[in-house]
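# A closer look at the structure
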Amino acid sequence: MNFHKLKSTLRDLQEPNFRYKQIVSAFCKKGVLDYSQISNISKKLVKDLKERIKPLSFSAEKIYSANNNLSFKARLKLNDGELIETVFLSPLPGAWSACVSSQAGCKLACKFCATGQSGFKRNLSSEEITDQVVFWKHFSREKKLNGNFSNIIFMGMGEPFMNWDEVKSAIKQLVDPEFFGFGSRHISVSTSGVVDGIKKLANDFPQVNLAISLIFPEDSLRSEYMPINRKFNLKKLQLAISSYLNKTNRKVFLEYVMLKGINDDLKQADNLIDFINTIENGRKLLHVNLIRYNTTMVEFIPSDLGTVNKFKNHLLRKSIKTTIRKSLGDEIKGACGQLAG
Ligand code: SAH
Ligand code: SF4
């Protein structure tokens, strides 16, 4: 919702001041999209608002569900016709996370990523970002899903640090108790390694979680599959992570998508260990998340489960904190990297 427009509209309609807060709260906290469901609002005001302000900046084209209603994906059509996707999932019983998009498409063109391969359309506005959250609030109410919607992850389409101004205002609203009131520590931003963005996050939101899609701990390989590495190579990334850890003293996730025969042998595990060991406090604060590749492109094959376990045990033996992330959205192509407009 465009809150500036809401405010000025209510002023034009000579509504009392509390009305703005009341509508913002119903919309952001409860996902109420129908003005008539807000208590103590006159029929006349409902009608006026309906005519002037559309609650959401997109319409839902299609909603997919999977895993016994533990994950959902929505395809949304923005007002200019561009398509984006957003995912709602319950990784733990009773807890729900929204995985939101920050751009329609992505410029960074990582070879293994469906979004990257589908090209870049445009940046999303902060309104289009926070509306994805409202959309899922509304959805979980309608569906009577059990549990608490507590987490937001910027792991949908796009690179959040390539659209930082809008992502930043979205996060400001998400953590603002007058708007959404999410805890900073319940919000995560994932980057492919846009170094200046990592600095901005540490300054702007030191409590928001950072995840880095490392995936290739060797420059030649990383540059081949993730073109961003030609601008910000592993050395630059290491320096950025070091200063981030120094400044925030927070745990950072290194995402490692496992691609059969490409980055899943123990030589790469050793490179990953070296990468972590070179960073001051790396062993303490960095946490590796192994993710089996979700098939999106024919050229890549997910690593075998046995290989993933071997890789994990090798890291654990060297005292590197490591987990295997289970994929929840695969059935609905709503898993990481499978989002494409
Ligand atoms: N642009 C940001 C955030 C969006 S991508 C980034 O790259 O971090 C979200 C996550 O999906 C990243 O960790 C990315 O590495 C991962 N990913 C991309 N394609 C994938 C695939 N096909 N299978 C599994 N994970 C994938
Ligand atoms: Fe963009 Fe992230 Fe996909 Fe790379 S992995 S193309 S940065 S969305």
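Residues numbered from 1 in each chain as written. Chains lettered and ligands numbered in written order. Predicted model: local features only at pLDDT ≥ 70, side-chain atom pairs only at ≥ 80, totals over all residues. Heavy atoms only, no water.

### Observations concerning the overall build of the protein chain
- A count of helical and extended segments in the protein chain gives 12 helices and 12 strands.
- A compact globule built from 341 residues would reach a C-alpha radius of gyration of about 20 Å, and the protein chain, at 21 Å, matches this within 12%.
- Across its three principal directions, the C-alpha atoms of the protein chain cover 70 × 40 × 35 Å.
- Counting over 341 residues, the protein chain shows a buried share of 54%. (Helix = DSSP H or I, 4+ residues; strand = E, 2+ residues; numbered from the N terminus. Rg over C-alpha atoms; globule rule 2.2 N^0.38 Å. Buried < 20%, exposed > 50% of the residue type's maximum accessible area, 1.4 Å probe, protein only.)

### A closer look at the site of ligand 1
- Taken together, the neighbourhood of ligand 1 is formed by 19 residues, with G158, S190, S213, Y293 and N294 sitting nearest.
- Between ligand 1 and G158, the relevant distance is 3.0 Å, taken from a nitrogen atom to a main-chain nitrogen or oxygen of the residue.
- E159 is positioned with one of its side-chain polar atoms (N or O) 3.2 Å from a nitrogen atom of ligand 1.
- Look at ligand 1: alone it shows 530 Å² of surface, and the protein chains cover 96% of it.
- Those elements giving two or more residues to the shell around ligand 1 turn out to be β8 (187–191) and β10 (252–258).
- When the residues that make up the shell around ligand 1 are grouped by side-chain class, the tally is eight nonpolar, nine polar and two charged. (Near = heavy atom within 4 Å. Polar contact = N/O pair within 3.5 Å; in protein donor to acceptor, adjacent residues only side chain to side chain. Areas by Shrake-Rupley, 256 points an atom, 1.4 Å probe, with all protein chains shown as cover. Nonpolar A, V, L, I, M, F, W, Y, C, P; charged D, E, K, R; others polar.)

### Re the site of ligand 2
- Inspection of the region around ligand 2 gives C106, L108, A109, C110, C113, G116, G158, E159 and S192 as its neighbouring residues.
- Tallied by class, residues from the shell around ligand 2 come to five nonpolar, three polar and one charged.

### Some details on the packing of aromatic side chains
- Following the criterion strictly, the structure yields 19 aromatic pairs and no others.
- Relative to F135, the ring of F58 lies with its centre 6.2 Å away and its plane at 70°, an arrangement referred to as edge-to-face. Residue F58 is located in strand β1 (residues 58–66), and its partner F135 is located in helix α5 (residues 126–142); the two are separated by 77 residues in the primary sequence. Accessibility classification places F58 together with F135 in one group, the buried group.
- Measuring from ring centre to ring centre gives 4.8 Å for F88 and W96, while their planes differ by 15°; the resulting arrangement is stacked.
- Classification of F88 as buried rests on a relative accessible area of 0%.
- One aromatic cluster is present, formed by F58, F72, F88, W96, F135, W136, F139, F149, F180 and F182 through successive ring pairs.
- Its guanidinium or amino end placed over the ring of Y20, K7 lies 4.7 Å from that ring's centre, counting from NZ or CZ.
- In this structure, K111 packs its charged tip against the face of Y225, placed 5.8 Å from the ring centre. (Phe/Tyr/Trp six-rings, centres within 6.5 Å; stacked < 30°, edge-to-face > 60°. Lys NZ or Arg CZ within 6 Å of the ring centre and 35° of its normal.)

### Some words on the domain arrangement of the protein chain
- Assigned domains of the protein chain: these are domain 1 (3–52) and domain 2 (58–332).
- One C-alpha centre belongs to domain 1, the other to domain 2; they are set 35 Å apart.
- At the junction of the two partners, domain 1 supplies 12 residues and domain 2 supplies 10 residues.
- Summing both partners gives a buried area of about 1,100 Å² for domain 1 against domain 2, and 56% of it is carried by carbon and sulfur.
- The interface formed by domain 1 and domain 2 holds one salt bridge in total.
- In this structure, the salt-bridge partner of K21 is E178, at a minimum N-O distance of 3.8 Å.
- Our enumeration of links across domain 1 and domain 2 arrives at seven residue pairs in polar contact (both at pLDDT 80 or more).
- Top contributing element to the side of domain 1 that touches domain 2 by residue count: helix α2 (residues 18–30), with seven residues.
- The residue makeup of the side of domain 1 that touches domain 2, split by class, is seven nonpolar, two polar and three charged. (Domains from an automatic or database assignment. Contact = heavy atoms within 4.5 Å. Buried area = accessible area lost by both parts, 1.4 Å probe. Salt bridge = Lys/Arg side-chain N within 4 Å of Asp/Glu carboxyl O.)

### Observations concerning the environment of T322
- Looking at the element boundaries, T322 is found in strand β12 (residues 321–325).
- Owing to a relative accessible area of 8%, T322 belongs among the buried residues under this scheme.
- For the pair T322 and T307, spaced 15 residues apart in sequence, the C-alpha separation works out to 14 Å.
- Not counting the four nearest positions on each side in its chain, T322 is found in contact with H287, V288, L290, K312, L315 and L316.
- Engagement of the side chain of T322 in a polar contact is seen with the backbone oxygen of I320, the distance being 2.9 Å.

### Quick word on the nonpolar core
- Counting 107 residues, the largest nonpolar core has F112, I152 and F154 as the members making the most contacts within it.
- When residues of this core are assigned to domains, at least three fall in each of domain 1 (3–52) and domain 2 (58–332).
- With sequence-adjacent residues up to four places away left out, F112 is seen in contact with I215, F216, Y225, M226, L259, Y293, T296, M297 and F300.
- If you look at the next biggest cluster of nonpolar residues, it comprises five residues, including V87, C99, M155 and A211. (Core = buried A, V, L, I, M, F, W, Y, C linked by side-chain atoms within 4.5 Å.)

### Some details on the pattern of salt bridges
- This model, assessed by the stated rule, comprises 13 salt bridges.
- Notably, a salt bridge pairs K267 with E218, separated by 3.1 Å at the nearest N-O pair. Of this pair, K267 sits in helix α10 (residues 266–277) while E218 sits in the loop between β9 (209–213) and α8 (219–225); the two residues are 49 residues apart in sequence, bridging distant segments of the chain.
- Classification of E218 as partly exposed rests on a relative accessible area of 22%.
- Between R325 and E255 there is a salt bridge, with the nearest N and O atoms lying 2.6 Å from each other. Of the two residues, R325 sits in strand β12 while E255 sits in strand β10, which places them 70 residues apart along the sequence.
- A residue is classified by how much of its surface remains accessible, and E255, at 5% relative accessible area, is buried.

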